[in-house]
Amino acid sequence: MPGTNGPLRQFTRRTALTALGAGIVGVTAASWPRLTGTDIPGRGDNSLSIAIMGTAADAAARQKVIDAFAKVHPEIKVKVQAIQAVDWKDFFTKILTMVAAGTPPDVVYVATEGAQLFAEKLAHPLDDYLRRDAADMKEYFEDVHPSLVEAFMYKGSLFQLPIDWNAANMYYNTASLRAAGLERPAEDWTHTDFRATLAAMKKAKPADFTPYYWTNRLFGGVVPWLYANDTSFLKETKSGGGEWLWDGFYGNDPSRSLRSGGYQWLEPNADDPRVFESFDYLRGLVKDGLGVRPEEGGGSSLIGLFASNRIGTTPAGGYWVQGLHEAGMTEDGFDVQFFPKWRTQRHQFGTAGYAIMKTAKDKDAAWEWVKFSASLEAMQIIFPTPNTTPARRSMANQQLYAGTGPRHWNVFYDTLDKFPTTGPIPAPPQQAAVETALMKNVSLAVSGDERQLKQALESMQRDLELALRRQP
């Protein structure tokens, strides 16, 4: 039977609010106090402790999920801890600090960047629970694209249920597009079309304007261009296994044959000629003033710049919509299109969901929380506004985007439906070291001549080799 640390519990579907959606970033690491055992809510009183990335400002929302869950499972006491972090990597580091201190939470909200780290070292597989509760879970999997689920498969086992996700689509400022005399890009526009669009935008507004803005990180940086060019900076393979899930829940899905036991990134690939080609394309954009040198981090100032018509295009997911709305952009002030096509039109995405820790006091109780959080009713409450893309296809609808835009909101979920090979952020268990190796060399690669680009990729290859040898 799944779980040995507590009684099996019957699940009843009721409305609830999950503890976190896309994740809250931008809080300085300096504001985080030293962790001790007493900092973990529920520690010492047998409560189920849930760790999320967030701030104290989310207290009301967190209490709603606790209250709603308590109505269904009054016997399970839940307390949520919001951990302030600069980004996911910083958040995972703090979770590892808790583990090392012997005060780990029972459940953690984990994004793709940390999924394999947790699966390898920290998380408990959901396989037995899903087999047992297959009838209850059928509706969930029918509403969630298999690409999202596969991102949480690791060596044949599933470790998380996707709650929210975002692909790297291309946002554009509609006023800037019109000023350049252009219409909405076609769905199958190419990387050469994209460059021509940037050039037209720059010509129409040469001062105090950036046609293309991008950041130096795993999501939305160079990786979407690599995927579109049918390559990556890591060699991508897939492990066997997982038939129990795919045959059980996705047997009739047209992409069933594509599914696996999970992604693997075991070797560096920065010396691939297509990686050079992709970087050289971006180097050309920077050289010709069509794009900026990539900024590190999540581009927290980007929303204001975009809303003030100082940026023409940028890659981002559905998580950006609410921010643009709050910054004063009208429904017709911005729009979104699929990422430009190169050799492929494969997109990059990231997703997130709850992971049950191996050290959880009561894994059965933890599963009820995970299962409850994935219900339609619960997710409808946690995603009342488009501050991320819900994992459930049925929720990416006109109602969610009414009053905020974009007009072509269907692009978000269509990214998976129209491009089923679209894949997750390349994040092996050594993700932190891998991302550091990537970020260290990106700016150098796109800021000089071809010789400097070649040297930067050679350096990246060496750094990645060392990163992948490290123990996660």
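Attention in this report is confined to the structure presented alongside it. Note that the structure is predicted; figures quoted are calculated from it, not measured.

With that settled, consider the overall build of the chain. Counting secondary structure elements, the chain contains 19 helices and 17 strands. Across the 472 residues that make up the chain, the buried fraction comes to 59%. When contacts within the chain are restricted to residue pairs at least 6 apart in sequence, long-range pairs at least 24 apart make up 82% of them. Roughly 18,100 Å² of accessible area belongs to the chain as shown, and the carbon and sulfur atoms make up 50% of that amount.

One finds Phe 118, Phe 141, Leu 161 and Trp 369 to be the most contacted residues of the largest nonpolar core, which totals 76 residues. Element by element, the count of residues in this core is highest for helix α14 (residues 363-373), at six residues. With residues up to four places along the chain from it excluded, the contact list for Phe 118 reads Phe 92, Ile 95, Val 108, Val 110, Ala 123 and Met 357. Within the second largest apolar cluster, 65 residues are counted, among which are Trp 189, Val 286, Ile 311 and Phe 339.

Now for the environment of Asp 133. One can find Asp 133 in the loop between α4 (127-132) and α5 (134-143). Given the relative accessible area of 8%, Asp 133 is considered buried. The spacing of Asp 133 and Lys 371 is 238 residues in sequence and 9.5 Å in space, taken between C-alpha atoms. In this view, Asp 133 contacts Trp 367 and Lys 371; residues no more than four positions away in its chain are not counted.

Attention now goes to the sheet that holds strand β7 (residues 169-173). Read across the open sheet, the four strands follow the order β8-β13-β7-β14; overall the sheet is mixed. A strand with exactly one partner marks an edge of an open sheet, and here the two such strands are β8 (210-212) and β14 (334-337). Taken over all neighbouring pairs, the strand axes of this sheet differ in orientation by 25° on average, direction set aside. Pairing between β8 and strand β13 (residues 311-316): two bridges, direction parallel.

The next subject is the pairing of strand β2 (residues 78-83). Within β2, five of the six residues are buried, leaving the element largely enclosed by the surrounding structure. With six bridges joining them, strand β1 (residues 48-53) and β2 adopt parallel strand pairing. From the neighbouring strand, Met 53 faces β2, where its bridge partner is Ile 83.

Tallying each qualifying case throughout the model produces 25 salt bridges. Measuring nitrogen to oxygen at the nearest pair gives 2.7 Å for the salt bridge that ties Glu 139 to Arg 392. Placement of the pair is Glu 139 in helix α5 and Arg 392 in the loop between β16 (389-390) and α16 (398-401), with a sequence separation of 253 residues. Given the relative accessible area of 32%, Glu 139 is considered partly exposed. Look at the salt bridges and you will find they share partners, linking Arg 132, Asp 133, Asp 136, Glu 368 and Lys 371 into a network.

A cis amide bond links Gly 405 with the next residue in sequence, Pro 406, at an omega value of 0°. Notably, Lys 155 is not glycine yet its phi reads approximately 55°, a positive angle. Its location among the elements puts Lys 155 in the loop between β4 (153-154) and β5 (157-158). A positive phi angle, near 50°, is found at Asp 208, a position not held by glycine.

To continue, consider the packing of aromatic side chains. Enumeration according to the criterion identifies 31 aromatic pairs in this entry. With 6.0 Å between their ring centres and 80° between their planes, Tyr 354 and Trp 369 make a pair best called edge-to-face. Taken together, the residues Tyr 354 in strand β15 (residues 348-356) and Trp 369 in helix α14 connect sequence positions 15 residues apart. There is no split in this pair, since Tyr 354 and Trp 369 are both buried. Taken together, Tyr 171, Phe 306, Trp 320, Phe 334, Tyr 401, Trp 409 and Phe 412 form an aromatic cluster joined through their ring pairs.

So, about the packing of helix α18 (residues 431-445) against helix α19 (residues 450-469). Helix-helix packing is characterised by the crossing angle of the two axes and by the distance between the axes. In contact at an axis separation of 9 Å, α18 and α19 are set at 175° when each is read in the N-to-C sense. Classified by the interaxial angle, the pair formed by α18 and α19 is roughly antiparallel. Residues Ala 433, Val 434, Ala 437, Leu 438, Lys 440, Asn 441, Val 442, Leu 444 and Ala 445 of α18 form the contact with α19, whose own contacting residues are Gln 452, Leu 453, Ala 456, Ser 459, Met 460, Asp 463, Leu 464, Ala 467 and Leu 468. Considering only residue class, the contact of α18 with α19 consists of 13 nonpolar, three polar and two charged.

Moving on to helix α17 (residues 411-418). Here α17 lies mainly inside the structure; six of its eight residues are buried. Buried within α17 are the following residues: Val 411, Phe 412, Tyr 413, Asp 414, Thr 415 and Leu 416.

A rise of 1.5 Å per residue sets the reference length of helix α8 (residues 191-204), with its 14 residues, at 20 Å; its end C-alpha atoms lie 20 Å apart and thus fit the reference within 8%. Buried within α8 are the following residues: His 191, Phe 194, Thr 197, Leu 198 and Met 201. Seen end-on, α8 carries its buried residues on one side only, within an arc spanning 110°. Those residues of α8 that are buried are in contact with β7, α7 (174-179), β8, α9 (223-228), α11 (273-287) and β13.

What counts, and at which threshold
- Residues numbered from 1 in each chain as written.
- Predicted model: local features only at pLDDT ≥ 70, side-chain atom pairs only at ≥ 80, totals over all residues.
- Heavy atoms only, no water.
- Helix = DSSP H or I, 4+ residues; strand = E, 2+ residues; numbered from the N terminus.
- Buried < 20%, exposed > 50% of the residue type's maximum accessible area, 1.4 Å probe, protein only.
- Contact = heavy atoms within 4.5 Å.
- Areas by Shrake-Rupley, 256 points an atom, 1.4 Å probe, with all protein chains shown as cover.
- Core = buried A, V, L, I, M, F, W, Y, C linked by side-chain atoms within 4.5 Å.
- Pairing = 2+ DSSP bridges.
- Axes fitted to C-alpha atoms, helices over the stretch in contact; angles between N-to-C directions.
- Salt bridge = Lys/Arg side-chain N within 4 Å of Asp/Glu carboxyl O.
- Phe/Tyr/Trp six-rings, centres within 6.5 Å; stacked < 30°, edge-to-face > 60°.
- Parallel < 35°, antiparallel > 145°, perpendicular 65-115°, else oblique.
- Nonpolar A, V, L, I, M, F, W, Y, C, P; charged D, E, K, R; others polar.
- Expected span 1.5 Å × (residues − 1).
- Arc of directions from axis to C-beta.

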